[in-house]
Every structure is written in structure tokens, then in C-alpha cells.
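Coordinate inspection notes
Listed below, chain by chain, are the residues.
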Amino acid sequence: IPAENIRNFSIIAHIDHGKSTLADRLLELTNTISTRQGNKQVLDKLKVERERGITVKAQTVSMFYDYKGKQYLLNLIDTPGHVDFSYEVSRSLAACQGALLLVDAAQGIQAQTVANFYLAFGEGLSIIPVLNKIDLPGSEPERVAKQLEGAFELDCDNILQISAKSRINIESILPAVIERIPSPQGSMDRPLRALLFDSWYDKYVGVVCMVGVIDGVLRKGDKVLSAYSDTKYDVLEVGIMHPEQVATGYIHAGQVGYVVCGMKSASEAHIGDTISHLNTKVEPLAGFQPAQSKVFAGIFPVDTNDFRKLDDNIKKLTLNDASVTVHKETSNALGQGWRLGFLGTLHMDVFRQRLENEYDANIIVTQPTVPYRVVFKKNKETQIIRNPTDFPDGEERSLKVNRLEEPMVLATMIFPEEYMGKMIELCGSRRGIQRDYVYLDDQRVMMKYVLPLAEVVQDFYDELKSRSSGYASFDYEDHGYEESDLVKMSVLLNGKPVDALSVILHRTQVEEVGRDWVKRLKSVIQKQLFDVVIQTAIGGRIIARETVSALRKDVTAKLYGGDVTRKMKLLQKQKAGKKRMKLIGTVELDQKVFYNFMEKK
Ligand code: GTP
């Protein structure tokens, strides 16, 4: 198929505006899948994704479509649906020439509509606005079209109006794609350059990469090179997704397809990398950045006997997700575990849920922390802190540290006007600084705030939703580092620090968090034969204190007296329980204590 008969496009939308439903309709319409299969939503493969109703891994499909006597190859490139994955979204979009901007005609523009629009706009794509869900009684297509014109200066005179679910006007989409999106401009005669924009792990063949061929031809048997890692590979198989893998032997400029080249783990497939032929000199494609972890957390087995099993399972999961970083970690309280880095909190939640669901793992996840930056006095050297344990404290801090900085984000929130007061209050309480607000129409407001990332990764999103009765939508982008008055708060049990419970806070939050933590710890720590003093402290200064008073002797006596078999049973149970016990100084704690503490917020 000549390049002028190819179109590469994406559907970009806010969550739940109907992207997967529309994608399925297009697959049906082009007979890529049967109508019956379509009900399963082919594009959302993974179970967790379906459960949470979000698309995490991009799925791309090639469709054939006859239009005005010519056959077209239409490549629908799916993008991940969440803010954590905006770098992946932008790389997927870089493989397209156009995008359908799908907006729910009842809900109107939402925060991810705005974010995705600007990503697509930034890539120079032709954008076709489409209003979905016009079958809903509450839909207001005219009004939403006005919002789109106002916010993005899009021409919405003959905007497409569809219902993906009820199959209204679905047939108007593909002609618009062909007429309004340009064909890819690369050349088959130039040396090969392919953009790697997605990958996944297949247990039979290893890593499968999705690439957009910009120039040249990629054939089975070729020897290729990764521009980023300078590693050589042999192309074992190439083909297109239709909708499953169909080997074609080659793919050429303008096409999008998959490549298997013997990569062993997803960490070799760098999103945004340029693939070229060995021994040809090409300019790598612009915009490559290695994935950056934004949120770190320690993960530990509840039962230390599960360590090996968990280690295996984490390896399996990260085989498929190169954006998770893994380092071994040892804690005095929780034993051996890992410090994992994620692109954001949703990414972390999905990973955790997979570990728990697919591998049935019993784990403790510590308080998430963001990458803080320490600037030292000596030569203004900097260090990124991923674990509160490494945070400079006391003398080290006063002697060596010039300043401390925290990562910031620029947040976009869209909500009905009546929630303005509550939203300003929320952002204010999270150390936010207002940057801007505009009315999208006479009822909807778009507000921008600069917020510390640390505040956003806690429960900001849940708060936003609950304070706006679910009406506010939210998205954010990086906004660099800012100097901040940060301190490390430690938790002490009878004077001994519990490393896994250290946390980095802004100085203004210390009192509140310190008091809250000792109370919560008191409620989960079991009584011992002596008093347990729980304290929170900064450096040497105690912030708050609670005491778990000692167990009274006669209570134990009663418990273990009497029936011999019952006593044996109890002793057995105690033995099994011992495995999970941790000693902090003289205080004996069940790992479950930490689990309960982390879960109860
Ligand atoms: P994410 O994968 O979370 O980004 O969602 P999505 O944008 O892919 O949305 P999805 O296709 O899963 O649709 C979300 C919900 O809207 C589902 O319950 C659909 O059945 C429903 N929906 C999609 N299109 C229409 C439509 O045209 N009309 C109505 N009434 N409902 C629709």
C-alpha cells in the first residue's frame, strides 16, 4: 500500500468519554473484528485495566478500509489514558499525523481533554474534534462545540456528532480521517529510521516492540541498532497488528507495526528510541527522554518467608514494564524488600494491584515519597533522595547542605463554578499557588495551580473528587524544582527509630502529621509485657507522644491455664506468628502492625 493511502491516527479523550467503545466500533466497521467480539473491548486487554476502567498499555491496530475506489491502511494507535503516562502518550502521538479529539457531549471539556489536546497540538497533529454520547438526554453538543472553539480555537462548524455506544454516525469517522489527516511523509528510499513507541513482554518470543517506520524499510533478518543504547539486534519477525500479530516479512515508511528482535526484558525497549540499520548513519528522531520515576515506595513481604516468591513476581512484572525501577532495600523494621520507582501514583496502584491479584502477594507498601533534591554547599553538587532514610539530618544537614528542593507540578482543574471556593480551599491547604483561571463557558471554570508533587501524590485526587461531588477533573504536568523548608520526621518506639516509618514533610505539616501518626500507631500496636512509648521526632526534638500500656500478668496466666490441647494449639499458633515478628529495640512487633498502619489512613 503506497504511503499516500496510509493514515496514522489516535483517539485522545478524557477517561470514560468513550475511546475504547469508539475504537471497537471502527474495528467492527472495517471487519477487523466481528460485532460479537467487539463487546469485549479488544483494546483493553489486561484485567486490572478493565477493573479500573483505564487503559494503561497502548494497543495499536491496523485496519483496511475502502473509500472512493481505493484501499486505505488505517493505523489506529492507542495511547495510555492517564496523566502518569504523558511521556508515553507523546511518543505514541509522534507516530501519528492526526488525532480524533473525542469529547463527551454531556460532560464537556475535562482536564485530560485539555492535556491531551496540547500533547497532540505540540506534535503538530491535525486534530478532528468529535462529540460522543449524543444519545444521552443530557447531552449538549452545541454548547460543548462552543467550549472547544473557545478553548482550542478549533473550527467546530461541522463538528462530528456521534454515539459510539448506540452506533450513531459512526460511519462519518473514517472518511474524515482520510480527508482531514495527511498521509505520512517519510520515504522508502532513505535509510531506515523507526520510532519505538510501545513494547510488551510475550512469554514465548520475549519483548515485542511497536514501531512507526518514519523512513526506509524494516525487514525480517535485518541487523538493527538502538540509537539510545547502541545495542545490536537481529530482526526475527515483523508484522502488523490486525488485530492480533500478523507477520508480513517487512514494514515500510509510513507503516506502523511490531518487531521481535530478541530483547530479553522491557528495560531494553526504550520508549522514544530510534531503530536504524547497523552501519548506516542516521540522525536519531527528536524528543527522546528516558522514563523518570516520580514516586517511590518500599515494598516488603508481610511474611518474610515470602521474600523469594515476591522477588520472582516483581521480576516478572517488571519484565513487562520498564518504567518501574527496582532496588533492593533493607529495613530494620520490615526486613528485606525493594524500593520501587513509578511514573505516578496510579502507576503504583496498578502495579500493586497486579502483584496482589495476579500473584496473590501479601505485601506492605510504605508511604510514597517523591524525588527530593539536596543541593550541597560543596561545588553546589546535587543528589536526588528516593528514600527518607537517606535524607540529610542533624549535623550533616547544617554542615553540608546548602538547600533542599522539592518537585512541583502545574495542575489543571476543570469544574462547575459553584465549586470554586472549595477547590481554592483545597489547593491552599496543599501549599498551592494559583496561576490562572478562565471560564470555559458561563458555568465551567478551568483553574491552574502550582502544587508540590508530594501533596498531589497523597490523596489529592480523592479529595478533589469528594469536595466537588465528583464533578472536578484534574491533570498535571512537571513544573521543575523549588526550594522548600523540608524536614525528616522519624518514629521512635521506646527510643529506637523505625526506619521504614521515616517521612519527609514540609515544616508546617510536622505537628499535625506527628500527632496523627502516634495516635494511629497506638491503635495498631499490640500490648507488650512493658509500656511502649511511641514518639515522633525531628532531629532530637519530640513532636508527639503516646503510650501503649503494659499487658497485665494475670491476663496471660488465665489465657494459658486449663485445657492442655488448647494450650498446645495456642503455642503452635504463637510459633507460626513468630516468623512475622520484628524486634525494634526491645519491642516485638508483628509485620501486620505496619500493614495495618499503612492501610488505615
Ligand atoms: P478509558 O479506557 O477509561 O479511557 O475510557 P474510554 O474513554 O475508553 O471509555 P469507554 O469506551 O470505556 O466508555 C466509557 C463508558 O461510556 C462506558 O460505560 C460506555 O458504555 C459508555 N459510552 C461510550 N460511548 C457512549 C455513547 O455514545 N453513549 C452512551 N450513552 N454511553 C457511551
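Bear in mind that the values here come from a model prediction, so they are computed numbers and not experimental data.

**Describing the environment of V445**
By secondary structure assignment, the location of V445 is in strand β25 (residues 444-452). Residues V445 and I414 lie 31 residues apart in sequence; the distance between their C-alpha atoms is 5.6 Å. Among all residues touching V445, those that are not within four sequence positions of it are M413, I414, F415, E417, M420, Y437, V438 and Y439.

**So, the pattern of salt bridges**
By the definition in use, this model includes 28 salt bridges. In this structure, E179 and K68 form a salt bridge, with 3.4 Å as the shortest nitrogen-oxygen distance. Of this pair, E179 sits in helix α7 (residues 173-180) while K68 sits in the loop between β2 (60-67) and β3 (70-77), and the two are 111 residues apart along the sequence. Here E179 and K68 have matching classes, each one exposed. With a closest N to O distance of 3.7 Å, E546 and K522 form a salt bridge. Of this pair, E546 sits in strand β31 (residues 541-548) while K522 sits in helix α13 (residues 510-524), and the two are 24 residues apart along the sequence. Using a relative accessible area of 22% as the deciding quantity, one classes E546 as partly exposed. Three or more residues joined by partner-sharing salt bridges are found here, namely E140, R143, D441 and D442.

**Description of a nonpolar patch on the surface**
Together, L529, F530 and L551 make up an exposed nonpolar region whose accessible area comes to about 250 Å². Tracing the backbone through its elements, the reader meets F530 in the loop between α13 and β30 (532-538). Using a relative accessible area of 32% as the deciding quantity, one classes F530 as partly exposed.

**Side note on the sheet that holds strand β5 (residues 126-132)**
A sheet is described by the order of its strands in space; here six strands give the open sequence β2-β3-β1-β4-β5-β6, paired in mixed fashion. Either end of the sheet is taken by a strand with one partner, and the two such strands are β2 and β6 (160-161). One ladder, built from seven bridges, connects strand β4 (residues 98-104) with β5; its direction is parallel. Its bridge partner being in β5, D104 is matched across the sheet by N132.

**What to know about the environment of D499**
Relative to the elements of secondary structure, D499 occurs in the loop between β28 (496-497) and β29 (503-506). Setting aside chain neighbours within four positions, we find D499 in contact with T330, S331, N332, A333 and T389. Within polar-contact distance, the side chain of D499 engages the side chain of S331 at 2.9 Å. A polar side-chain atom of D499 sits 2.8 Å from the main-chain amide nitrogen of N332.

**Comments concerning the packing of aromatic side chains**
With the rule as written, the count across this model stands at 16 aromatic pairs. Here the aromatic rings of F117 and F152 are separated by 4.0 Å at their centres, their planes lie at 20°, and the arrangement is stacked. Linking F117 in helix α5 (residues 111-122) with F152 in helix α6 (residues 141-152), this pair joins segments that are 35 residues apart in sequence. The residues F117 and F152 share a single accessibility class, namely buried. Aromatic ring contacts, followed pair by pair, group F117, Y118, F121 and F152 into a single cluster. Above the plane of the ring of F597 lies R520, whose end atom (NZ or CZ) is 4.3 Å from the centre.

**A short note on helix α1 (residues 19-29)**
Buried residues dominate α1, accounting for nine of its eleven residues. Those residues of α1 not exposed but buried are K19, S20, L22, A23, D24, R25, L26, L27 and E28. Positioned one or two residues after α1, N31 has a phi angle of 55°, which is positive.

**Let's talk about unusual backbone geometry**
A cis amide bond, omega -15°, links H242 with the succeeding residue P243. Along the chain, the position of P243 falls in the loop between β12 (237-241) and β13 (245-247). Unusually for a residue other than glycine, N279 sits at a positive phi of about 70°. Within the fold, N279 resides in the loop between β16 (274-277) and β17 (295-301). Residue classification places N279 among the exposed positions, given a relative accessible area of 77%. The phi torsion at N379 lies on the positive side, around 55°, for a residue other than glycine.

The rules behind each value
Residues numbered from 1 in each chain as written. Predicted model: local features only at pLDDT ≥ 70, side-chain atom pairs only at ≥ 80, totals over all residues. Heavy atoms only, no water. Helix = DSSP H or I, 4+ residues; strand = E, 2+ residues; numbered from the N terminus. Contact = heavy atoms within 4.5 Å. Salt bridge = Lys/Arg side-chain N within 4 Å of Asp/Glu carboxyl O. Buried < 20%, exposed > 50% of the residue type's maximum accessible area, 1.4 Å probe, protein only. Patch = residues over 30% accessible without salt bridge, like charges linked within 9 Å, V, L, I, M, F, W, Y side chains within 5 Å. Areas by Shrake-Rupley, 256 points an atom, 1.4 Å probe, with all protein chains shown as cover. Pairing = 2+ DSSP bridges. Polar contact = N/O pair within 3.5 Å; in protein donor to acceptor, adjacent residues only side chain to side chain. Phe/Tyr/Trp six-rings, centres within 6.5 Å; stacked < 30°, edge-to-face > 60°. Lys NZ or Arg CZ within 6 Å of the ring centre and 35° of its normal.

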